[in-house]
Every structure is written in structure tokens, then in C-alpha cells.
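Each chain, written out:
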Amino acid sequence: FYYGRELLFNGMIIEGAAVLEKFLSGGGWVENEIEACINLCKAYRALGNEKKSLEFLLKSFTYAPPRSEACCILGDYFFEKNAVNSAIYWYQLALTQSGGLKEGGFFNADYSGYIPNIQLCVLYDKLGDYARANAYNEAAGKYRPESQSYKQNKIYFASRLQPATGGG
């Protein structure tokens, strides 16, 4: 597992993917298996193989309930396809899922807070639901108050949510 991961992190994608696929056939620690699937998803995406990328991401669900990172990756997938409602579903699910911290796995807290919130902000803005978009931006700001995206969105929503003044 660790060798395959290091190969991927050092740009040897094909070699790393082969090692991680072999690792998945041997029955390792569940958290490593889930991370291997997510890493394989990213590797095959980098290689332009969308089908295998999704296959390994979905395989991670066979080991345990979806991790927040996997939910965000699926949200990204649907976001890129402009499937707004599907993207919303996966980002909202990410807010409710474990990142693996309780289970002892590697954990990036951004996938449980900042990332799904900022993406939901963008999606609800696309739908014209500025109040909901602003609420998700504010939630993202609680995780990363210094984020440029959060700060710029704050300015944007201040103008979007101002009550219209009627003349005359």
C-alpha cells in the first residue's frame, strides 16, 4: 500500500496503480483499502480513464460507508458534467460522512467541511438560490476564514442579497 502510494505521489502513475491494485487483492486494513481505491480513482483520472476512475471510487463503498473525500470526488464528477442536483446530493452527503478519522485512517478535514460547503455555495448560486448559497459560503468560512473564495463570495453575496430599493 505505502509503496504504491509513494509511486503515485512521485508521478509514477502506471506503476503505482498496478501496485495498489495488487494490494487490493490481498485483504489489508480497511482504511488502507479505502484510501487505495481513492488513490486509484485519482490515478486513472489523471490517465484519462474515467470508467476505471469511477470504478475504483465506487469500490471504496464496498469496504465501509462512503468517506467524505469520496463523496466530494463524486460531487466534482457531477459538477463537471453540469449535473447540478447530483453534485448537490454528493456534497451534502460529504457533510454528514466520516473522513476516516474515527477509524484511524488518513484524514483531510477540508473534505468534511470547507470543500463541500464552498462547492454547495457555487451550485446554489448557479440555481439562483442566493440565500442558500450565502449560507453555505458562511459555513465554509467557519472552516477557512482566510480563504480568498470565501472572502470574495462574501462581497458578492452582500450585493446580491441587498433589498431592492424602489424609486418612486
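Below is a summary of the structure that appears in this document. The model shown is predicted, which means the values in this text are computed figures rather than measured ones.

**Structural notes on the overall build of the protein chain**
Across its full length, the protein chain carries nine helices and zero strands. Ordering the α and β elements of the protein chain from the N terminus gives α-α-α-α-α-α-α-α-α. Along the first, second and third principal axes, the C-alpha set of the protein chain runs to 75 × 30 × 30 Å. Buried residues in the protein chain amount to 43% of all 168 residues. Counted over contacts in the protein chain with a minimum sequence separation of 6, partners at least 24 positions apart contribute 52%. Accessible area of the protein chain: about 9200 Å², with a carbon and sulfur share of 54%. In the protein chain, the 17 positive side-chain charges and the 17 negative ones have mean positions that sit 3 Å from each other.

**Section: the packing of helix α3 (residues 30-46) against helix α4 (residues 50-59)**
Relative to each other, α3 and α4 sit at 170°, their axes nearing to 7 Å. Between α3 and α4, the interaxial angle falls into the category roughly antiparallel. Residues C37, I38, L40, C41, Y44 and R45 of α3 form the contact with α4, whose own contacting residues are K52, S53, F56, L57 and K59. Here the residues of the contact of α3 with α4 are counted per class, giving seven nonpolar, one polar and three charged.

**Digging into helix α8 (residues 130-143)**
The first and last C-alpha atoms of α8 sit 20 Å apart over 14 residues, in line with the 20 Å expected at 1.5 Å per residue. Of all the positions in α8, only A133, N134, Y136, N137, A140 and G141 are classed as buried. Taken around the axis of α8, the buried residues stretch over an arc of 160°, which confines them to a single face. Exposed residues lying more than 90 degrees from the buried face of α8 are A131 and K142. Check the buried side of α8 and you find it contacts α6 (84-94), α7 (114-126) and α9 (148-160).

**Things to note about helix α5 (residues 68-80)**
Relative to the 18 Å expected for 13 residues at 1.5 Å per residue, α5 spans 18 Å between its end C-alpha atoms, a close match to the ideal helical length. Taken from the residues just after α5, N82 is the one with a positive phi, measuring 60°.

**Details of the environment of Q97**
Following the sequence through the fold, Q97 ends up in the loop between α6 and α7. Sequence-wise, Q97 and P145 are 48 residues apart; in three dimensions their C-alpha atoms are separated by 22 Å. Apart from residues lying up to four places away in sequence, Q97 is in contact with P65, P66, R67, S68, C71 and S112. A polar atom in the side chain of Q97 sits 3.0 Å from the side chain of T96.

So, how was this worked out
- Residues numbered from 1 in each chain as written.
- Predicted model: local features only at pLDDT ≥ 70, side-chain atom pairs only at ≥ 80, totals over all residues.
- Heavy atoms only, no water.
- Helix = DSSP H or I, 4+ residues; strand = E, 2+ residues; numbered from the N terminus.
- Buried < 20%, exposed > 50% of the residue type's maximum accessible area, 1.4 Å probe, protein only.
- Contact = heavy atoms within 4.5 Å.
- Areas by Shrake-Rupley, 256 points an atom, 1.4 Å probe, with all protein chains shown as cover.
- Lys, Arg positive; Asp, Glu negative; His and termini not counted.
- Charge placed at Lys NZ, Arg CZ, Asp CG, Glu CD.
- Axes fitted to C-alpha atoms, helices over the stretch in contact; angles between N-to-C directions.
- Parallel < 35°, antiparallel > 145°, perpendicular 65-115°, else oblique.
- Nonpolar A, V, L, I, M, F, W, Y, C, P; charged D, E, K, R; others polar.
- Expected span 1.5 Å × (residues − 1).
- Arc of directions from axis to C-beta.
- Polar contact = N/O pair within 3.5 Å; in protein donor to acceptor, adjacent residues only side chain to side chain.

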